Amino acid sequence: MLQQMNDHYTILDLVIKEHHERAMLDGQIHDVLAVASVMKDIKETLEQKYGPLKRVSVAAAGRALKTERAEATLLIAGKPMMTKEDVKHLELSAVQQAQIKLASQQQEQSHHYYCVGYSVVNYKIDGQEIGSLIDQQGTEATVEVIATFLPKLVVESLLAALQRAGLEMEALTLEPIAAINVLIPPTMRRLNVALVDIGAGTSDIAITDLGTVIAYGMVPIAGDEITEAISDHYLLDFPLAEKAKRELSANETVTITDILGFETEVSRDEMIASISDAIDRLAHAISEEILLLNSGKPPKAVMLVGGGSLTPELPKRLAEKLQLPENRVAIRGIDAIQKLELTPKIAERGPELVTPIGIAIASKQNPVQYITVSVNDQLLRLFDMKALTVGDCLLAAGIPFQKLYGKPGMALVVTVNGQTVTIPGTYGEPPLIVKNGVISSLDEQVHDGDKIVVEKGKDGVPATVQLRDLIDELPCKNVTINGERYKVKATVYRNGQAVSLDNSVNDRDIIVVKMPETIEELLIELHLVEWIQKIKPFTVNINGLSVELKQFSGKIYKNNMETKLHSNFEDGDIIEIENGTDPTVIELATAKNIQLHYSIPITFHGKPLTLSKRIVEVYKEGQLLDETDVIENGSSLELIEKKREPFIFQDVFNYVQIDIPSSASKTFTLLKNGEPVTFYDPIAPGDELQIVWEATSAEMK
């Protein structure tokens, strides 16, 4: 019993009663009737001295606390700089992930746990750690937290046991908080200190830093581990091993009687050596949990309380594990509790009493109450062990934080000239939170009877954009073609089709902005395709072989220099295009040095005459061509060579018109170089030919 006088406390009485059986395991009441029976016995003992007792201060065991680590990520691409509300939403999302993770391990629903606190391990922007997310920009923001929870079942079973014992709960606290309140006052909590309450089955841990309690934890190893080691090594019944462990703390030798009845006196050093491995396991488990709760670094100091803290050499080994000086790990008893007075009948002063006394004091200084709030017409009873916020209420209601913010509008991903461009939709809106009819925020404090309404934020709008929004200005060039000025602009192609800048962009579009690069592309863009035909190389197929005749091809001049269709052009260029010509058969033969005829010069009746004979015939599609026929570009020709035969006198008549004198008879003589010949006699170059007619008989007379 504790009595408060102003700001001092006096312990009036102390009653300790152990359970007859294991009615509690790991801080959880498993047998409500058995626990209620022990409560009732203590109540009746005290009532015999002090009269009726109706109200009592209680504590939930720290070992019932659950700690879980989790992270949450928020896509922020295209979003304005992050606000304090955005960061709070992200932190609570991570807490909720830890809550869900914990519930899945216990096969329960997440809202069956109270969040009693959390600390941020780190913030990240695009995978890089950063000190603060406020006013940051990037693609995604991430926060990792360590959150601590208390199962609702712990509180509900505690209330049930109190009711059966005829007691009402005046105040509720947590065992680690109780111990911290009396040993580490708020003025000392700016220091990074660990408090470890080592009981029988578990060791409860609390960490302070920056003026507050930042984390709670528990390891399922404590004083019983040492007792079991003594029992196993010396073959002792568990109660006898527990008795030997307690004597070990105060005596240099311990007398034990094993299960075979042999009595042995064991030195303190010998017994410590026999349980050294168990002490190391306990020190290792506690140090690892401290490092986990303290973000991987050792605290400045460690305080040990609870009966298990008296384990020999434990402070020294714990200091070694945490790489701390030995004087930074110490056992603290009730003498360290300020403003506490003890009556003479309170003989016990050890560390095992720190937590019970702390519970009594903390229940007066920092009582934990329940409040009732409404979230979307759902009534909730919250464990008010800290300043509760709207965010805590939403967690308790099981509202998924990740779904509160509106989803970002669908983005468009397009390719512009080979480069991937992402066009984000509008960012989703934050949730609308109203408390008692007034717009509120996640970190605003709540009180008993508050009514909270939360509506999911509106989803963002999908991205919509026109081509002109992606392309600032189309490039253009000015050129002069055959004296006429042209302005050519780049063409925009969407998925291979030319489109205007007024067209909308769709997801996965491939957009190419292309300016004609060559003169040929320029003529196509200007719809002057007929010029391309005119300046194409002149080619014909002769007897199956393709032949190019440049002298008949069109020509291109750029700035007075002959060039090609595939040449580039620049702004301001002057381009001249000359048409090609279609040659005649004789012009083609001359160009290719093809001899269509062979000729000989002669004299006929004293006049020079050239005789010619065709030795090559030109056919197109089976039709014999005349020498003056025109041959088009791309024609297929067949050239057939004829056998070269000598000229005869008769060939002359293909070139001359024979006039028979009126006085001549029908008799004539063919003369070649003055000598008579026949029609079929061959003639050679330079021969002189004549036809001599005989006079008629009348003329002769």
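Values in this document were obtained by computation on a predicted structure and should not be read as measured data.

Q: Whenever I open this one, the overall build of the protein chain confuses me. Can you help?
A: Secondary structure summary: the protein chain contains 16 helices and 43 strands in total. Within the protein chain, buried positions represent 44% of all 701 residues. Of the roughly 37300 Å² that the protein chain leaves accessible, carbon and sulfur atoms contribute 49%. A distance of 3 Å separates the average location of the 68 positive side-chain charges in the protein chain from that of its 99 negative side-chain charges.

Q: I'm lost on unusual backbone geometry in this one. Help?
A: Glycine aside, negative phi is the norm for most residues, and most peptide bonds take the trans geometry. We note that Asn 376 has phi near 50 degrees; this positive angle belongs to a residue other than glycine. Here Asn 376 is to be found in the loop between strand S19 (369–375) and strand S20 (378–384). Backbone geometry at Asn 560 places phi at a positive 70 degrees, although glycine is not the residue there. Along the polypeptide, Asn 560 turns up in the loop between strand S33 (555–558) and strand S34 (561–563).

Q: What is the right way to look at the packing of helix H8 (residues 276–293) against helix H9 (residues 314–322) in this model?
A: If you want to describe how two helices pack, look at the angle between their axes and the distance between the axes. At their nearest, the axes of H8 and H9 sit 9 Å apart, and the two run at 50 degrees to each other. The orientation of H8 with respect to H9, classified from their angle, is oblique. Where H8 crosses over H9, the two elements pack in a sense that is right-handed. Of the residues in H9, those touching H8 at Ser 276, Ile 279, Asp 280, Leu 282, Ala 283, His 284, Ile 286, Ser 287, Ile 290 and Leu 291 are Leu 314, Arg 317, Leu 318, Lys 321 and Leu 322. The residue inventory of the contact of H8 with H9, partitioned by class, reads nine nonpolar, three polar and three charged.

Q: Help me understand the sheet that holds strand S12 (residues 203–209), please; the structure alone is not making it clear to me.
A: Within the open sheet, the five strands sit side by side as S13-S12-S11-S16-S17. Their pairing is mixed. Taken across any chain shown, the strands that pair with only one partner, and hence form the sheet edges, are strand S13 (212–219) and strand S17 (329–331). In this sheet, adjacent strand axes meet at a mean angle of 20 degrees when their direction is disregarded. Sheet topology places strand S11 (residues 193–198) next to S12; six bridges connect them, and they run antiparallel. Across the sheet, the residue bridging to Val 196 is Ile 205, located in S12.

Q: For this particular structure, what's the right way to read the nonpolar core?
A: Burial of nonpolar side chains together is a common tendency in soluble globular proteins. Counting 42 residues, the largest nonpolar core has Leu 133, Val 375, Leu 394 and Ile 452 as the members making the most contacts within it. Those elements that place two or more of their residues in this core are strand S6 (66–75), helix H2 (84–106), strand S7 (113–125), strand S9 (140–151), S19, helix H11 (390–396) and strand S25 (451–455). A per-element tally of this core places H2 first, with eight residues. Ile 207, Ile 226, Ala 229 and Leu 236 belong to the second largest nonpolar core, which has 39 residues in total.

Q: Would you explain the sheet that holds strand S31 (residues 539–542) in this entry?
A: Backbone-to-backbone hydrogen bonds pair the strands of a sheet. The strands run either parallel or antiparallel. Across the sheet, which stays open at both edges, the five strands sit in the order S32-S31-S40-S38-S39 with mixed pairing between neighbours. The outermost strands of the open sheet, each flanked by one partner alone, are strand S32 (545–548) and strand S39 (623–624). The sheet contact formed by S31 and strand S40 (residues 636–641) spans two bridges and is parallel. Of the residues in S40, the one forming a bridge with Asn 541 is Ser 636.

Q: So what exactly am I meant to see when it comes to the side chain of Ser 374 here?
A: Within the element layout of this structure, Ser 374 appears in strand S19. Of the polar contacts made by the side chain of Ser 374, one reaches the backbone nitrogen of Asp 377; its length is 3.5 Å.

Q: I'm lost on the pattern of salt bridges in this one. Help?
A: Two side chains bearing opposite charge may form a pair once their charged atoms approach each other closely. Throughout the structure, instances matching the rule amount to 21 salt bridges. A salt bridge links Lys 243 to Glu 247; its shortest N-O distance comes to 2.5 Å. Pair noted here: Lys 243 and Glu 247 are both in helix H6 (residues 238–248), with a separation of four residues, about one helical turn. In the salt-bridge network here, residues are joined through shared partners; they are Glu 242, Lys 245 and Arg 246.

Q: What should I look at first to understand the pairing of S9 in this one?
A: Walk down a regular strand and you will see the side chains alternate between the two sheet faces. Of all twelve residues making up S9, eleven are buried, and the element is well covered by its neighbours. As paired strands, S6 and S9 are joined by ten bridges and run antiparallel to one another. The residue of S9 that forms the bridge with Leu 74 is Ala 141.

Q: In this structure, what is going on with a nonpolar patch on the surface? I would like to understand it.
A: Together, Leu 235, Ile 259, Leu 260 and Phe 262 make up an exposed nonpolar region whose accessible area comes to about 450 Å². With respect to the element layout, Leu 260 can be found in the loop between strand S14 (253–257) and strand S15 (263–267).

Q: Is there a simple way to think about H9 in this case?
A: In an α-helix, one full turn covers 3.6 residues, which means residues spaced three or four apart are oriented alike. Turning to H9, its buried residues number three or more, namely Leu 314, Pro 315, Arg 317, Leu 318, Ala 319 and Leu 322. Buried positions along H9 lie against S11, helix H7 (268–274), H8, strand S16 (301–305) and S17. The first or second residue beyond H9 is Gln 323, which carries a positive phi of 55 degrees.

Q: Help me out: how do you make sense of the packing of helix H5 (residues 223–234) against H6 in this one?
A: Relative orientation of the contacting elements H5 and H6 amounts to 110 degrees, with a least axis distance of 8 Å. Between H5 and H6, the crossing angle belongs to the class labelled roughly perpendicular. Along the contact surface, H5 presents Gly 223, Asp 224, Ile 226, Thr 227, Glu 228, Ile 230 and Ser 231, while H6 presents Phe 238, Ala 241, Glu 242, Ala 244 and Lys 245. When its residues are assigned to classes, the contact of H5 with H6 shows five nonpolar, three polar and four charged.

Q: Even after reading the chapter, I still don't get helix H3 (residues 152–164), so can you show me in this structure?
A: In this model H3 runs 19 Å from its N-terminal to its C-terminal C-alpha over 13 residues, within 8% of the 18 Å that 1.5 Å per residue would give. Residues Lys 152, Val 154, Val 155, Ser 157, Leu 158, Ala 161 and Leu 162 constitute the buried set of H3. The first or second residue beyond H3 is Gly 166, which carries a positive phi of 75 degrees.

Q: Any chance you could explain the packing of aromatic side chains here in plain terms?
A: In this description, an aromatic ring pair is defined by two values, namely the gap between the centres and the angle between the planes. Under the criterion given, the structure shown has six aromatic pairs. Where Phe 649 meets Phe 653, the ring centres are 6.3 Å apart and the plane angle is 45 degrees; that geometry is what we call tilted. An aromatic cluster of three or more residues is present, and its members are Phe 649, Phe 653, Phe 668, Phe 679 and Trp 693. Stacked on the ring of Phe 569, the Lys or Arg Lys 477 has its end atom at 4.9 Å from the ring centre. It is Lys 613 that lies over the ring of Phe 647; its NZ or CZ is 4.9 Å from the centre.

Conventions adopted
Residues numbered from 1 in each chain as written. Predicted model: local features only at pLDDT ≥ 70, side-chain atom pairs only at ≥ 80, totals over all residues. Heavy atoms only, no water. Helix = DSSP H or I, 4+ residues; strand = E, 2+ residues; numbered from the N terminus. Buried < 20%, exposed > 50% of the residue type's maximum accessible area, 1.4 Å probe, protein only. Areas by Shrake-Rupley, 256 points an atom, 1.4 Å probe, with all protein chains shown as cover. Lys, Arg positive; Asp, Glu negative; His and termini not counted. Charge placed at Lys NZ, Arg CZ, Asp CG, Glu CD. Axes fitted to C-alpha atoms, helices over the stretch in contact; angles between N-to-C directions. Parallel < 35°, antiparallel > 145°, perpendicular 65-115°, else oblique. Left-handed = near helix turned anticlockwise from the far one by under 90°. Contact = heavy atoms within 4.5 Å. Nonpolar A, V, L, I, M, F, W, Y, C, P; charged D, E, K, R; others polar. Pairing = 2+ DSSP bridges. Core = buried A, V, L, I, M, F, W, Y, C linked by side-chain atoms within 4.5 Å. Polar contact = N/O pair within 3.5 Å; in protein donor to acceptor, adjacent residues only side chain to side chain. Salt bridge = Lys/Arg side-chain N within 4 Å of Asp/Glu carboxyl O. Patch = residues over 30% accessible without salt bridge, like charges linked within 9 Å, V, L, I, M, F, W, Y side chains within 5 Å. Expected span 1.5 Å × (residues − 1). Phe/Tyr/Trp six-rings, centres within 6.5 Å; stacked < 30°, edge-to-face > 60°. Lys NZ or Arg CZ within 6 Å of the ring centre and 35° of its normal.

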